[in-house]
Number of protein chains: 2
Amino acid sequence: MIRFCPSCGAPCEERVPTGDNRTRAVCTGCALVHYRNPNIVVGCIVEAPGGLLLCRRAIEPALGLWTFPAGFLENGESLAAGAARETLEEARADVEVLAPHALLDIPHIAQTYVVFRARLRGTDFGAGPESQVVEVLATDRIPWEELAFPSVSLALRLYVDDLAAGRQQVHQGVVHWTGAGSRYDLARYELRDHRADSLA
Amino acid sequence: MIRFCPSCGAPCEERVPTGDNRTRAVCTGCALVHYRNPNIVVGCIVEAPGGLLLCRRAIEPALGLWTFPAGFLENGESLAAGAARETLEEARADVEVLAPHALLDIPHIAQTYVVFRARLRGTDFGAGPESQVVEVLATDRIPWEELAFPSVSLALRLYVDDLAAGRQQVHQGVVHWTGAGSRYDLARYELRDHRADSLA
């Protein structure tokens, strides 16, 4: 919530600015309109000899659960550079970012995941400060019941299905919370508006 | 700039929070850390009978210059839905969003463009309130010297080159300002770290 103007400190009010069609936070002092926009999470599904590089999280949320390296894109960096930086930070791994694998929107939390396939350079990896452990796991040993987030689960499932079918695709889709049950129950999520385009 | 805390209104200071490695705006009152992250611009290169749907802008910046429909992704919508909404608003056109065409980062203004190919449904289109005129232009009639933004110019150039080569690709790249001359001079920009993957 933007209750106070980040620029002048005066209180904001929620209203539709002239010429707009959505409610924004508008400063009652300097009249600046403050927009709220989705954040980008960038990540890498890292192909390494023997499987994929996965991290068991050492921080909340989802402490102790598994994910591929991913995190918020920072100002001033590209999607690919951000995905590689997160991989270096969380998995101490130097990677070559390859093709986009999945563009997954999570509208109810205003996040968009941009997940790349990547390839481990060399053989070094290890747990960064946000990871308890980092391992190369064969795709038939992915801990599906212990994954951190629905976006991670869905992106990995698409990857594994593509691998089994001998294809590479770029996916678009919406991570939809079906509403019943806990937001932490990955079984309560489904992929909607899914479209896949095959890479040559 | 985040000078005042959007949550409590107290002044913020710029410092590196404990456990972080970047300068953030941290509230001197409630201690909340306020992150600044890139915004997503979504757009459509719309294939219509006879060419591409292009809009001459009726608003600043770049008033009077040409673009494909594009704008900021809003909270609560998917990339594809946002791209379709912008196309409806700016070009009064109902489109089917197809494959991703280009993921273009503009680090110096903290924006990432996600540009899709799309197909006009039906035959209706027209100028929305942000457009002076909307036209279907053959790809050999694109007004290269009168395009609005370097991202638009680069995305269209990639599209036209792919079309001429009889291929479809998904592009990644960084829109880099070479530094000399005006930020409004499209010739001063170049595409860096370009990678293209062919769609089947």
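Residues numbered from 1 in each chain as written. Chains lettered and ligands numbered in written order. Predicted model: local features only at pLDDT ≥ 70, side-chain atom pairs only at ≥ 80, totals over all residues.

A.B. asks: What's the story with helix α1 (residues 79-91) of chain B in this structure? I'm lost.
C.D. replies: Since the α-helix turns once every 3.6 residues, residues separated by three or four places project in the same direction. Residue and element names in this part refer to chain B. Given a rise of 1.5 Å per residue, 13 residues ought to cover 18 Å, and the 18 Å separating the end C-alpha atoms of α1 matches this to within 8%. When α1 is considered as a whole, its buried residues turn out to be Leu-79, Ala-80, Gly-82, Ala-83, Ala-84, Glu-86, Thr-87, Glu-90 and Ala-91. Positioned one or two residues after α1, Arg-92 has a phi angle of 50 degrees, which is positive. (Helix = DSSP H or I, 4+ residues; strand = E, 2+ residues; numbered from the N terminus. Expected span 1.5 Å × (residues − 1). Buried ≥ 20, exposed ≤ 12 C-beta atoms within 10 Å, placed from the backbone.)

A.B. asks: I would appreciate a short explanation of unusual backbone geometry in the present structure.
C.D. replies: Look at the link from Glu-60 of chain A to Pro-61 of chain A: it is a cis peptide, with omega at -5 degrees. For Pro-61 of chain A, the position within the fold is in the loop between β5 (51-57) and β6 (66-67). Phi is positive for Arg-92 of chain B, close to 50 degrees, though the residue is something other than glycine. Examined against the element boundaries, Arg-92 of chain B turns out to sit in the loop between α1 and β8 (95-106). The phi dihedral of Ala-110 of chain B falls on the positive side, at around 55 degrees, and the residue is not glycine. Look at Ala-110 of chain B and you get partly exposed, because 16 C-beta atoms sit within 10 Å.

A.B. asks: Looking at this structure, how should I read the interface of chain B and chain A?
C.D. replies: In many reports, interface size means the accessible area that the parts give up when they come together. Taken residue by residue, the interface counts 39 residues in chain B and 39 residues in chain A. In terms of residue count, β8 of chain B provides more of the side of chain B that touches chain A than any other element does, four residues in total. Of the residues contributing to the side of chain B that touches chain A, the split by class is 21 nonpolar, 10 polar and eight charged. (Contact = placed C-beta atoms within 7 Å. Nonpolar A, V, L, I, M, F, W, Y, C, P; charged D, E, K, R; others polar.)

A.B. asks: Help me out: how do you make sense of the sheet that holds strand β3 (residues 33-34) of chain B in this one?
C.D. replies: Backbone hydrogen bonds hold the strands of a sheet together, and the pairing may be parallel or antiparallel. All names here are of chain B. An order of β1-β2-β3 is seen for the three strands of this open sheet, with the pairing classed as antiparallel. A strand with exactly one partner marks an edge of an open sheet, and here the two such strands are β1 (12-15) and β3. Bridge count for β1 against strand β2 (residues 24-27) is four bridges, and the pairing is antiparallel. By the bridge assignment, Cys-12 is partnered in β2 with Cys-27. (Pairing = 2+ DSSP bridges.)

A.B. asks: Could you clarify how one ought to interpret the pairing of β8 of chain B in this entry?
C.D. replies: All names here are of chain B. Of all the 12 residues making up β8, 10 are buried; the element is thus mostly covered by neighbouring parts of the structure. Counting the residues that bridge the hairpin from β8 to strand β9 (residues 111-120) gives four residues, and of these Ala-110 lies at a positive phi of roughly 55 degrees. Note: β8 against strand β11 (residues 169-177), four bridges, orientation parallel. In the sheet register, Ala-102 faces β11, and the bridge partner there is His-171.

A.B. asks: I keep staring at the sheet that holds strand β1 (residues 12-15) of chain A and nothing clicks. Help me out?
C.D. replies: Pairing is antiparallel in the open sheet, where three strands are placed in the order β1-β2-β3 (chain A). At either end of the open sheet lies a strand with only one pairing partner, and these are β1 and β3 (33-34) of chain A.

A.B. asks: Please explain the domain arrangement of chain A as it appears in this structure.
C.D. replies: Each domain of chain A was delimited in the assignment, giving domain 1 (1-36) and domain 2 (39-199). Computed over C-alpha atoms only, the centres of domain 1 of chain A and domain 2 of chain A are separated by 35 Å. (Domains from an automatic or database assignment.)

A.B. asks: Explanation requested: the environment of Val-115 of chain A in the structure shown.
C.D. replies: Residue and element names in this part refer to chain A. Tracing the backbone through its elements, the reader meets Val-115 in strand β9 (residues 111-120). In this structure Val-115 comes out as buried when scored by C-beta crowding, with 27 C-beta atoms within 10 Å. With sequence-adjacent residues up to four places away left out, Val-115 is seen in contact with Gly-43, Ile-45, His-101, Ala-102, Leu-104 and Ala-155.

A.B. asks: Explain the relation of the copies chain B and chain A here, please?
C.D. replies: What relates the pair of chain copies is a rotation about an axis plus a shift along that axis. Take chain B, turn it by 180 degrees, move it 0.0 Å along the axis, and it overlays chain A with an RMSD of 0.0 Å. Given the turn and translation reported, the copies of this chain are related as if by a two-fold rotation axis. Interface overlap between copies: 100% of the residues of chain B at the interface are likewise at the interface in chain A, consistent with a symmetric, same-surface contact. (Least-squares fit on C-alpha atoms with pLDDT ≥ 70 in both.)

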